[in-house]
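Chain by chain, the residues run as shown.
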Amino acid sequence: MRILLHTGKGGVGKTTLAAATALAAARRGHRVFLLSTDAAHGLGEVLGVRVGGEPVRVAAGVVAQASTALDAIDSGWPQVRAWLRELLRGDADEVVVEELLAVPGIEELVSLRALRAVEASGDYDLCVVDCAPTGGALQWLRFPDALRAFMRHFFELERAGARWLRPIARSVGAGRLVPSEALFEAVEALQAGVDDVHRMLVDPARTTARIVVEPERVVVDEALRAFAYLSLHGVATDAVIANRRLPALGDSPAARLLAGRAAREREQLERIAHSFPLPLLSAPLCEREPIGTAALARLGEAVFGERDPAARLAASRPLEVVERGAGAVVSIAVGAVARDDVEVDALVGGGAPHLLVRVRDARRRIALPAGLAGCTVERARLARGRLEIELAR
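This report concerns the structure included in the present document. (Residues numbered from 1 in each chain as written. Predicted model: local features only at pLDDT ≥ 70, side-chain atom pairs only at ≥ 80, totals over all residues. Heavy atoms only, no water.)

1. Some details on the overall build of the chain
Scanning the chain from N- to C-terminus turns up 13 helices and 15 strands. A burial count over the chain gives 49% of its 393 residues as buried. Partitioning the intrachain contacts of the chain with sequence separation of at least 6 by distance along the chain shows that 72% fall at a separation of at least 24. Within the structure as shown, the chain displays about 18,000 Å² of accessible surface, and the carbon and sulfur contribution to it stands at 54%. (Helix = DSSP H or I, 4+ residues; strand = E, 2+ residues; numbered from the N terminus. Buried < 20%, exposed > 50% of the residue type's maximum accessible area, 1.4 Å probe, protein only. Contact = heavy atoms within 4.5 Å. Areas by Shrake-Rupley, 256 points an atom, 1.4 Å probe, with all protein chains shown as cover.)

Below you can see the structure in the form of structure tokens.
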């Protein structure tokens, strides 16, 4: 199943473009599932129909669902919720329990577990996802690494301690303070589910992101950061969609009135073309807000024309490790960044080597093949929109 992620700065119209993409793909014969994991959940308002936690058919060939944070936590962490409720008995209400469970990044990742159910059904060949804005997307990109580190360094120690303390706690009437074995099994199952989703998202043959922008300087700045963040975490991007582009106005009074905006738009469109190694699609500024499936279908046709919306529009390679002789080259697609925006720390680790890399204000520990243990960073350079890190012995 093909997966298309839509993200961008809040308010740029990513929900509208995700819905338009789904409808355009359905018109070309694809069986489409349209999934919203954005906490704002404007999908129903855009489509003009009620969209909730259960799948609903919204048009021929398109089924939609808005996966809510509370539903995701209920399905993903029921044992954890039950333990916290028991632990806080008499001291907090259900709202406090929900807030304690809302770890940054986990809500959307648990929501994205719906991708597995969509694929397992065999009923769809395309899933279009309306993701959180850029800031929220960075949180869920970080979460799998953070959960993996927790499981590796603390989980088994905490589990062994709980097994030792549980009989003592029960004997003094404090059994509710110690997590049950079922809770630890639930966390293991959660990690397995998160890892499954993560493997889907970082497989460029299956999943690509599309960054929605408006041709304004601040919005393009954030889109550049989003592209670098996605690449740093292994998620491929195959297009940028410039939304609400002005039509050709000629020498009319409206053209003179909008001359300043038109000049800024041209400047930012040129910047996008030079900064992103990706196709640039355009969505026109509509006379009326595109609400409802008919208006969204027209918008989708305007964006894609003869293109298949489900096709990979660019062969993006976000992050790759190419071994060469006794060393390797780690290559990351970062787009247009300055040298000061990039930092590479020395290779760390013996049996499990990794790199510490910063791109703009995002950092990541990149795991490397065990065979590269003992290598050092020989050189790091920016070339053609990529960060190339050379490792040698």
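What follows continues from the structure just given.
2. Some words on the pattern of salt bridges
Per the counting criterion, the structure on display carries 18 salt bridges. For D238, the salt bridge identified is with R2, shortest N-O distance 3.3 Å. In this pair, D238 is assigned in strand 7 (residues 237–245) and R2 in strand 1 (residues 2–8), connecting sequence segments 236 residues apart. A relative accessible area of 0% places D238 in the buried class. Take R2: its relative accessible area is 11%, and that puts it in the buried class. R31 is the partner of D125 in a salt bridge, and the nearest nitrogen-oxygen pair spans 3.3 Å. (Salt bridge = Lys/Arg side-chain N within 4 Å of Asp/Glu carboxyl O.)

3. Some details on the sheet that holds strand 11 (residues 342–344)
Taken in spatial order, the 3 strands make up an open sheet running 11-12-13, and their pairing is antiparallel. If you trace the sheet from one side to the other, it starts and ends with strand 11 and strand 13 (362–367), each paired once. Averaged over all pairs of adjacent strands, the angle between strand axes in this sheet comes to 20°, irrespective of strand direction. Bridging between strand 11 and strand 12 (residues 354–359) involves 3 bridges; their strand directions are antiparallel. Within strand 12, the position partnered with E343 by the bridge is R358. The sheet strands contacting helix 10 (residues 217–232) are strand 12 and strand 13, and the helix crosses strand 13 at an angle near 20°. (Pairing = 2+ DSSP bridges. Axes fitted to C-alpha atoms, helices over the stretch in contact; angles between N-to-C directions.)

4. Let's talk about the environment of L23
By secondary structure assignment, the location of L23 is in helix 1 (residues 14–27). A relative accessible area of 7% means that L23 is categorised as buried. Among all residues touching L23, those that are not within four sequence positions of it are A59, V62, T293, L296 and A297.

5. Here's the deal with the packing of helix 10 against helix 12 (residues 259–275)
Running from N to C, helix 10 and helix 12 cross one another at 10°; their axes reach a closest spacing of 10 Å. The angle between the axes of helix 10 and helix 12 places the two elements in the roughly parallel class. Pair helix 10 / helix 12 crosses with right-handed handedness. Packed against helix 10, whose contacting residues are R217, V220, D221 and L224, the element helix 12 presents Q268, R271, I272 and S275 at the interface. (Parallel < 35°, antiparallel > 145°, perpendicular 65-115°, else oblique. Left-handed = near helix turned anticlockwise from the far one by under 90°.)

6. What about the nonpolar core?
Counting 69 residues, the largest nonpolar core has L5, V357 and L391 as its most contacted members. By residue number, the principal contributor to this core is helix 10, which donates 10 residues. Not counting the four nearest positions on each side in its chain, L5 is found in contact with V129, C131, W140, L201, T207, T208, A209, R210 and V235. Of all hydrophobic cores here, the second largest spans 23 residues; its members include A26, V46, A59 and A66. (Core = buried A, V, L, I, M, F, W, Y, C linked by side-chain atoms within 4.5 Å.)

7. Section: the sheet that holds strand 2 (residues 32–36)
Hydrogen bonds between backbone groups are what pair the strands of a sheet, and the pairing can be parallel or antiparallel. Taking strand neighbours across the sheet as the criterion, the 8 strands line up as 3-4-2-5-1-6-7-8 in an open arrangement whose pairing is mixed. Of all the strands in the sheet, the pair left with one neighbour each is strand 3 (56–59) and strand 8 (280–284). For this sheet, the mean inter-axis angle between neighbouring strands, taken without regard to orientation, is 25°. In this sheet, strand 4 (residues 62–66) lies alongside strand 3 in antiparallel orientation, the contact comprising 3 bridges. If you follow V56 over to strand 4, its bridge partner there is A64.

8. Overview of the packing of aromatic side chains
Per the stated rule, a full pass over the model turns up 2 aromatic pairs. Centre to centre, the rings of F33 and Y124 are 5.2 Å apart; their planes meet at 75°, and the pair counts as edge-to-face. Note that F33 is positioned in strand 2 and Y124 in the loop between helix 7 (114–121) and strand 5 (126–130), a separation of 91 residues in sequence. According to the relative accessible area criterion, F33 is buried, its value standing at 3%. For the ring pair F227 and F276, a centre distance of 5.9 Å and an interplane angle of 75° mean the geometry is edge-to-face. Of this pair, F227 sits in helix 10 while F276 is found in the loop between helix 12 and strand 8, placing the two residues 49 residues apart along the sequence. (Phe/Tyr/Trp six-rings, centres within 6.5 Å; stacked < 30°, edge-to-face > 60°.)

9. Some remarks on the environment of T237
Tracing the sequence through the fold places T237 in strand 7. Exposure remark for T237: the relative accessible area of 0% places this residue in the buried category. Considered as a pair, T237 and T207 are 30 residues apart in the sequence and their alpha carbons are 8.6 Å apart. With near-sequence residues (within four places) excluded, T237 lies in contact with A209, I211, F227, L230, L278 and S316.

Interpretation in functional terms is not warranted from these geometric data alone.
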